[in-house]
Amino acid sequence: MAGSTARGDDLARAALVRLVRDEGRRVLATLVRLTGDLQLAEDAVQDATVRALETWSRDGVPEEPRAWLTLTARRRAIDLIRREAARDGKEAGTVVPPEPSTPEPPEVLRDDLLRLVFTCCHPSLAVETQVALALRTLCGLSTAEVARALLLPEATMNKRLTRAKQKIARAAIPYRVPEDHELPDRLRGVVATVYLLFNEGYAATAGDDPLRPALVDEAVRLTRLLRELMPGEPSVLGLLALELLQDSRRDARYARDGRPVLLADQDRGLWRHDLVEEGVVLVGEGLRRSPGRPDPYVVQAAIAACHALAPSYPDTDWSAVLSWYDVLLTVQDTAVVRLNRAVAVGEQQGPGAGLAEVDAVTGLEEYALWHAARAELLARLARTDEARAAYAAALALPQNAAQHAHLRQRLRAVDGINPPGPAPGS
Amino acid sequence: MPSYIALIYNADVDWSAAEHSETMAEYGEFGRAAAAVIRGGAALYPTSTATTVRVHGGKGGDVVTTDGPYAETKEALTGFYLFECADLDEAVATAARIPGARDGAIEVRPVIPPMQR
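Below or above, wherever it landed, is the structure these notes cover.

Each value, and the rule that gives it
Residues numbered from 1 in each chain as written. Chains lettered and ligands numbered in written order. Predicted model: local features only at pLDDT ≥ 70, side-chain atom pairs only at ≥ 80, totals over all residues. Pairing = 2+ DSSP bridges. Helix = DSSP H or I, 4+ residues; strand = E, 2+ residues; numbered from the N terminus. Axes fitted to C-alpha atoms, helices over the stretch in contact; angles between N-to-C directions. Contact = placed C-beta atoms within 7 Å. Nonpolar A, V, L, I, M, F, W, Y, C, P; charged D, E, K, R; others polar. Expected span 1.5 Å × (residues − 1). Buried ≥ 20, exposed ≤ 12 C-beta atoms within 10 Å, placed from the backbone. Arc of directions from axis to C-beta. Parallel < 35°, antiparallel > 145°, perpendicular 65-115°, else oblique.

### Structural notes on the pairing of strand 1 (residues 3-11) of chain B
Residue and element names in this part refer to chain B.
Moving on, step 1. Pairing of strand 1 with strand 5 (residues 75-84), which is carried by 9 bridges, proceeds in the antiparallel orientation. Its bridge partner lying in strand 5, Ala-11 is registered against Glu-75.
Moving on, step 2. Here strand 1 runs beside strand 6 (residues 105-110); their pairing, made up of 6 bridges, is antiparallel. Each residue of the ladder has a partner; that of Ile-8, found in strand 6, is Ile-106.

### Details of the sheet that holds strand 5 of chain B
All names here are of chain B.
Moving on, step 1. Read across the sheet, 4 strands follow the order 2-5-1-6 without closing on themselves; strand pairing throughout is antiparallel. Of all the strands in the sheet, the pair left with one neighbour each is strand 2 (38-43) and strand 6. Mean inter-strand twist for the sheet, computed between neighbouring axes without regard to direction, equals 20°.
Moving on, step 2. Contacts from helix 2 (residues 88-95) reach strand 1, strand 5 and strand 6 within the one sheet, and its direction differs from that of strand 6 by about 155°.

### Structural notes on the interface of chain B and chain A
Moving on, step 1. Contact residues are listed per partner, giving 7 residues for chain B and 8 residues for chain A.
Moving on, step 2. Residue composition of the side of chain B that touches chain A, grouped by class: 3 nonpolar, 1 polar and 3 charged.

### Thoughts on helix 11 (residues 273-288) of chain A
Residue and element names in this part refer to chain A.
Moving on, step 1. Over its 16 residues, helix 11 runs 23 Å from end to end, which matches the ideal 22 Å to within 8%, given 1.5 Å per residue.
Moving on, step 2. Along helix 11, the residues that are buried comprise Leu-275, Val-276, Gly-279, Leu-282, Val-283 and Gly-286. The buried residues of helix 11 occupy one face: seen down the axis, they fall within an arc of 130°. In helix 11, the exposed positions angled more than 90 degrees off the buried face are occupied by His-273, Asp-274 and Arg-288.
Moving on, step 3. Looking at the buried residues of helix 11, the elements they touch are helix 10 (234-247) and helix 12 (296-309).

### Description of the environment of Ser-235 of chain A
All names here are of chain A.
Moving on, step 1. For Ser-235, the position within the fold is in helix 10.
Moving on, step 2. On the neighbour-count criterion, Ser-235 (23 C-beta atoms within 10 Å) is buried.
Moving on, step 3. Along the backbone, Ser-235 and Ala-192 are 43 residues apart, and their C-alpha atoms lie at a distance of 9.7 Å.
Moving on, step 4. Residues in contact with Ser-235, not counting those within four places in the same chain, are Leu-187, Arg-188, Val-191, Asp-295 and Tyr-297.

### Topic: the packing of helix 5 (residues 127-138) of chain A against helix 8 (residues 183-202) of chain A
Residue and element names in this part refer to chain A.
Moving on, step 1. Viewed as axis vectors pointing N to C, helix 5 and helix 8 meet at an angle of 75°, and their least axial separation amounts to 10 Å. Regarding the angle of helix 5 to helix 8, the classification is roughly perpendicular. Contacts from Val-127, Gln-130, Val-131 and Ala-134 of helix 5 reach helix 8 at Thr-193, Val-194, Leu-196 and Leu-197.
Moving on, step 2. Partitioned by chemical class, the residues of the contact of helix 5 with helix 8 number 6 nonpolar, 2 polar and no charged.

Next up, the structure:
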């Protein structure tokens with residue numbers, strides 16, 4: 001009995017932490033507007049959230065948690081400004097506007113957050129800095145949590161975040177929503193940063209843990225926030241759809257021993273059908289909202305939807321997949337897209353045709369998955385020596401530990417008496 | 001309003017030579033177009049005219065001069081502007097209009113403001 005109460009307490013505590021973090025990031029955005037100083041705003045909100053956790057777990061959550069946090073953080077900010085001014089023996093440089101007599105309308109609060117999104121994802125900041133800042137200020141993670149999430153020592157992360165905030169303040173990186181003519185470019189940058197964050201969690205490029213669920217969850221949460229801030233923006237709809245469709249396979253992507261399970265071999269009963277459904281609806285909305293020029297994220301999500309809706313791997317509608325890849329090439333002609341298309345050709349028209357397509361893709365000689373795709377097709381064609389060489393080439397390139405283990409196993413299968421087995425799609 | 005210096009890096013040539021008069025005219029045009037934010041600036045003679053100065057042995061020590069620029073690079077510092085802009089976006093947009101941005105690069109750096117009091 002005591003155990004279940006303790007568990008109930010844990011859940012209540014987790015819900016409270018979640019609430020404080022979610023509200024905290026919105027309050028942070030408002031404080032940045034009020035003080036014009038990201039570091040100061042962060043310190044003030046940090047203090048307010050600590051107090052909220054103390055007070056609310058004792059007295060219960062107030063009726064207007066955000067208003068409570070905003071008021072507490074605002075007073076703390078004024079306090080910090082005064083203290084600093086007194087220490088330097090001069091007048092305060094930053095002035096916090098007086099408390100408004102009526103609560104600020106929701107549009108103002110929404111725009112506060114949107115401005116902060118564009119500041120954190122400003123093109124004058126390095127992409128890895130943008131990712132760290134997004135986790136810290138937009139997802140509300142602590143510096144230690146950001147460091148853990150991005151596999152860096154806390155001191156390194158602290159230095160990176162401090163430098164970033166210093167650059168924002170000193171170089172006067174603006175805190176505003178870009179004008180209409182620059183918005184498409186800037187939005188592309190924001191979406192790319194969030195997708196990078198998602199991928200860092202979904203398919204880590206290095207490290208022992210190929211899947212970092214916490215990072216995936218933060219990326220999805222952040223994308224949902226973007227959708228709330230910019231409803232109807234095709235790239236945001238597409239990104240959210242793509243993330244949900246990919247994440248729907250989370251429980252099926254890795255075996256118990258941590259080895260990745262190929263799409264062909266996954267237990268589709270483990271897929272999250274609620275996420276698939278939501279993703280497919282979003283793809284439809286994204287397509288409707290970009291009738292002229294298809295958005296690359298929406299199209300990638302459409303490809304993911306083809307896989308998600310197939311009852312089994314052999315029953316995948318490969319001609320639909322190929323058509324979507326052809327559409328994708330018209331808006332995003334990259335070597336990786338060509339490689340993925342070539343693999344789909346292999347499924348639809350056989351390994352010989354697939355290999356010809358893969359070999360025609362140039363510029364991926366340093367990319368493990370290009371060699372792995374070649375190896376797989378060569379093995380299916382029973383060209384064992386070439387397959388072996390291709391697996392070896394793939395294994396020599398950077399990749400995460402799980403992928404490496406998977407390729408070693410495939411290589412062993414080629415070396416064995418049996419042909420590499422059951423060829424996906426056969 | 002924050003100030004920024006825009007350091008222009010491109011071919012280390014003599015911009016005062018007649019062959020570059022067209023480029024110089026473009027700079028004149030830029031100067032007029034961006035007059036609202038330009039607070040200063042100049043074009044520089046080539047690095048072959050540069051003298052690099054160091055003092056060895058602390059304050060009052062030996063003055064050691066070397067012939068040439070601080071660093072020998074393919075693209076050299078050939079000029080600069082001082083801008084006063086609303087924010088980095090305006091500074092970057094202005095820097096992008098400097099003729100040298102097309103065949104070289106502009107480094108935009110915020111300037112430490114003079115002491116408030």
